[in-house]
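Examining the three-dimensional arrangement
If you want the building blocks of each chain, they are given just below.
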Amino acid sequence: MAVTAAIPFSAQAFCGFYAGKADASLFNEASQVVIVRDGNRTVLSMLNDYSGPLSEFALVVPTPTALQKGQVRVAEKATFERLDAYSSPRLAEYHDSDPCRMNFYWGEDVFPRPLAAPMAAAVGAMRGATAKSRDAALGVTVEAAYTLEEYDIVSLSAKQSDGLETWLTENGYKIPKGASAALKPYINMGMKFFVAKVNLKEQQRLGYSMLRPLQFAFESEKFMLPMRLGMLNAPPDKPQDLIVYVLTKNGRVESSNYRTVKLAANENLPPFIKPRFKEFYKALYDSSSQREDYKVVFTEYFWDMGWCDPCAANPLTTEELRKAGVFWVGGDEASNFRQLQSAPAVGAPGSAGKVTVPVMPPRPPGFIPGGGAQPVMLTRLHVRYTANTFPEDLMFTQTRDKQNFQTRYVVQNPYAGSVAQCSDAVAKTDCESTCNMRLSNLQRLLAESRKNGWGRSERYENKSADDLASECTRACRDSKASALEAATRYYQRELPERLAREKQTLAKLTGWSMADIDGMAPRSGPAAGGGDVQPVPATDNRTWWQKLFGALPAHRRSQG
């Protein structure tokens, strides 16, 4: 069984900045980005939220090329939700077996047990002659202007940052302080600028109240994510979060200009952390980010879309992957990518509210919807940074590493019992009557074996009934003693020591104090570490004076 949780972060980063007509305090509230990349082909999807009204503002994003009509579409928020759910940190839950089980098989092992038939493993589908003149004077060129559903879009090129800042201001946008300086490096790189403004009338007509994601398809040699402009809308000293889902064909993705680090994972945690898993993971990420001085890119997940273990959610289906922009699934990837760039925009007549997905070719025999044969790798990267710690945009590289990784944590639930309960259970086993039944059954099996030529059992043949009965009784008593010893060892030593280690791990990962951690733990029961009940022998064979004075029997004294 796996317990999973999508961890909510107050993320405040984005690939561009907001420029609003109103004086409202517009700043990036949350940000997630999906990047689909193969060769020079890129499909970029952006989802964000912000604090403030939706009234007229524009999102300004640097892009490697001027995005023409057809290269931009409105995406589905569900894509981000599915990727988040599939790659989110997860808690795997397991349960201890009964430490008091009696391993008493005497008389039941006359013949070798048949080997279990191999089990077939199957992996399911988890799976807008004066304006132009003014523009020219400012060094700004409107490369494209069109409406896409609730968005009015303009794609610009500029020769100088002051001119672009002036153009935006003269066209009614309130520019954040420092925009000119932030825009200059992108202009020097020859990049274009995508400006999307919400058309409130269209938005109301379409019935949407929140900003929907935008998706771009373009070709560029640079595998990058512009993020510096996003700092203009955020408080200067407050760290910002950005989660990037990168879908590739071959291998894990990491940053090529910042250190990429895998978060601590696959650690055992105390059982009482289960209802506080979100709190735990947030503390772990806070602690890890602070320790790295907000200068690294964290890997939270890397796996393919064929399977997962444990799965926080099913892998994305082929249709969901195509909506995310994965153009190579289903074959003929070059044609699929051209369709992404040239297909009718989402706002075309008769397509309101729909996402245009190229028609899939026939599926091959044995195709598993949503998984199995999908050549899609997902890397989830999480960045927490400030303007000082991340002075450059994120540059990426696709590695050849295909080693699966996930931020997985383990809870091993103790067996609900005690030494006393084990003692009571063991005492209820009557060895004499049990052995009488075992012996009778054994003799019947031996007789049938001799009659049918099944072979001989060297362990039981050529022994008298009395010898067999004595042997069975000794085996029964030994198994009772072993069960009680195992339960005593489990509840009084192994379980407390394991819980102590798990608490230390929790403190190391989160920075929480041991006093705070102890305050979270239950006061009694197995999850508290056990040991609250003293062991009682299965059979009290002490003399009357040993019982009177509380002395242990001889065999217990010899055990120390």
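Scoring rules and cut-offs
- Residues numbered from 1 in each chain as written.
- Predicted model: local features only at pLDDT ≥ 70, side-chain atom pairs only at ≥ 80, totals over all residues.
- Heavy atoms only, no water.
- Salt bridge = Lys/Arg side-chain N within 4 Å of Asp/Glu carboxyl O.
- Buried < 20%, exposed > 50% of the residue type's maximum accessible area, 1.4 Å probe, protein only.
- Helix = DSSP H or I, 4+ residues; strand = E, 2+ residues; numbered from the N terminus.
- Expected span 1.5 Å × (residues − 1).
- Bend = angle between axes of the 7 residues up to and from the residue.
- Disulfide = S-S within 2.5 Å.
- Pairing = 2+ DSSP bridges.
- Core = buried A, V, L, I, M, F, W, Y, C linked by side-chain atoms within 4.5 Å.
- Contact = heavy atoms within 4.5 Å.
- Arc of directions from axis to C-beta.
- Polar contact = N/O pair within 3.5 Å; in protein donor to acceptor, adjacent residues only side chain to side chain.
- pLDDT = per-residue confidence, 0-100.
- Axes fitted to C-alpha atoms, helices over the stretch in contact; angles between N-to-C directions.
- Parallel < 35°, antiparallel > 145°, perpendicular 65-115°, else oblique.
- Left-handed = near helix turned anticlockwise from the far one by under 90°.
- Nonpolar A, V, L, I, M, F, W, Y, C, P; charged D, E, K, R; others polar.

Describing the pattern of salt bridges
Enumeration according to the criterion identifies 24 salt bridges in this entry. A salt bridge links Lys249 to Asp38, with the nearest nitrogen and oxygen atoms 3.2 Å apart. A residue is classified by how much of its surface remains accessible, and Lys249, at 22% relative accessible area, is partly exposed. Among the salt bridges present, the one from Glu502 reaches Arg498, with a minimum N-O distance of 3.7 Å. Placement of both Glu502 and Arg498 in helix α11 (residues 465–510) is noted, with a separation of 4 residues, approximately one turn of the helix. Residue Glu502 is classed as buried on the basis of its relative accessible area, which comes to 4%.

A word on α11
With 46 residues, α11 should cover 68 Å at 1.5 Å per step; its first-to-last C-alpha distance of 64 Å lies within 8% of that length. The largest bend along α11 measures about 45° and falls at Tyr490. Following α11 by one or two positions, Gly511 has its phi on the positive side, about 85°.

Quick word on the state of the cysteines
Inspection of every chain in the model, using the stated rule, returns 3 disulfides. Linked covalently through their sulfurs, Cys431 and Cys476 form a disulfide whose S-S length is 2.1 Å. One disulfide, between Cys431 and Cys476, carries an S-S torsion of -80° and so falls in the left-handed class. Remark: Cys476 occurs in helix α11 and Cys431 occurs in helix α10 (residues 431–452); sequence separation between them is 45 residues.

Observations concerning the pairing of strand β17 (residues 296–304)
For β17, a buried count of 9 out of 9 residues is recorded, marking the element as mostly surrounded by other parts of the structure. Sheet topology places β17 next to strand β18 (residues 377–385); 7 bridges connect them, and they run antiparallel. Along β18, the bridge assignment pairs Tyr301 with Arg380. By the bridge criterion, 2 bridges tie β17 to strand β20 (residues 405–406) in an arrangement that is antiparallel. What sits directly across from Tyr301, in β20, is Gln406.

Overview of the nonpolar core
In terms of nonpolar packing, the biggest core is built from 37 residues, with Phe194 and Leu394 touching the most fellow members. In this structure Leu394 touches Phe223, Met224, Leu225, Met227, Leu242, Ser255, Asn257, Tyr258, Val297 and Val383, once residues within four positions along its chain are discounted. Counting residues in hydrophobic clusters, the runner-up holds 26 residues, among them Tyr285, Leu509, Ile517 and Met520.

Remarks on α10
Here α10 spans 31 Å end to end across 22 residues, near enough to the 32 Å set by a 1.5 Å rise per residue. Taken residue by residue, α10 has Cys431, Thr434, Cys435, Arg438, Leu439, Leu442, Leu446 and Ser449 as its buried positions. In a view along the axis of α10, the buried residues occupy a sector of 130°, so they form one face of it. Exposed residues lying more than 90 degrees from the buried face of α10 are Met437 and Lys451. Where α10 is buried, its residues touch α11. For α10, the N-terminal capping position is held by Asp430, with its side-chain oxygen 3.0 Å away from the main-chain nitrogen of Glu432.

Here we look at the confidence of the model for the protein
Overall, the predicted model of the protein reaches an average pLDDT of 78, with 73% of residues at or above 70. A low-confidence stretch, residues 554–560 stays under pLDDT 50, and its non-local contacts, those more than four residues away or across chains, total 6 contacts.

Description of unusual backbone geometry
For Asn266, which is not glycine, the phi torsion reads 55° and is therefore positive. Along the chain, Asn266 falls in the loop between β15 (259–262) and β16 (267–269). Look at Asp293: it is not a glycine, yet its phi comes out positive at around 60°. By secondary structure assignment, the location of Asp293 is in the loop between α6 (277–291) and β17. Note on Asp293: relative accessible area 43%, which makes it partly exposed.

A short note on the pairing of strand β11 (residues 214–219)
The element β11 is extensively covered by neighbouring structure, given that 5 of its 6 residues are classed as buried. Where strand β6 (residues 72–74) meets β11, 3 bridges bridge the pair, whose relative direction is antiparallel. Bridging across to β11, Arg73 finds its partner in Gln215.

Brief notes about the sheet that holds strand β14 (residues 253–255)
Read across the sheet, 3 strands follow the order β12-β19-β14 without closing on themselves; strand pairing throughout is antiparallel. Each end of this open sheet is capped by a strand with a single partner; those strands are β12 (224–225) and β14. Both β12 and strand β19 (residues 394–398) contribute to a ladder of 2 bridges, which runs antiparallel. Across the sheet, the residue bridging to Met224 is Met395, located in β19.

Here's the deal with the packing of α10 against α11
As a packed pair, α10 and α11 sit with axes 9 Å apart at the nearest point and diverge in direction by 130°. Taken together, α10 and α11 sit at an angle that is classed as oblique. Helix-helix and strand crossings are classified by hand; for α10 and α11 the assignment is right-handed. Counted together, Cys431, Cys435, Arg438, Leu439, Leu442 and Gln443 of α10 and Ala465, Leu468, Ala469, Cys472, Thr473, Cys476, Arg477 and Lys480 of α11 form the full contact between these two elements. Classifying every residue of the contact of α10 with α11 gives 9 nonpolar, 2 polar and 3 charged.

Examining the packing of helix α9 (residues 419–427) against α11
Remark: α9 packs on α11, axes separated minimally by 9 Å, with the N-to-C direction vectors making an angle of 170°. In terms of orientation, α9 and α11 fall into the roughly antiparallel class. Every residue of α11 that contacts α9 at Val419, Cys422, Ser423, Val426 and Ala427 is listed here: Lys480, Ala483, Leu484, Ala487, Thr488, Tyr491 and Gln492. Grouping the constituent residues of the contact of α9 with α11 by class yields 8 nonpolar, 3 polar and 1 charged.

A short note on the side chain of Ser45
Structurally, Ser45 can be placed in strand β4 (residues 41–51). Of the polar contacts made by the side chain of Ser45, one reaches the side chain of Gln215; its length is 3.0 Å. Ser45 has contacts with Gln32, Val33, Val34, Phe80, Leu214, Gln215 and Ala324, leaving out every residue within four places of it along the chain.

Comments concerning the environment of Asn436
Take Asn436: it is sitting in helix α10. What makes Asn436 partly exposed here is its relative accessible area of 49%. With 32 residues separating them along the chain, Asn436 and Leu468 place their C-alpha atoms 10.0 Å apart.

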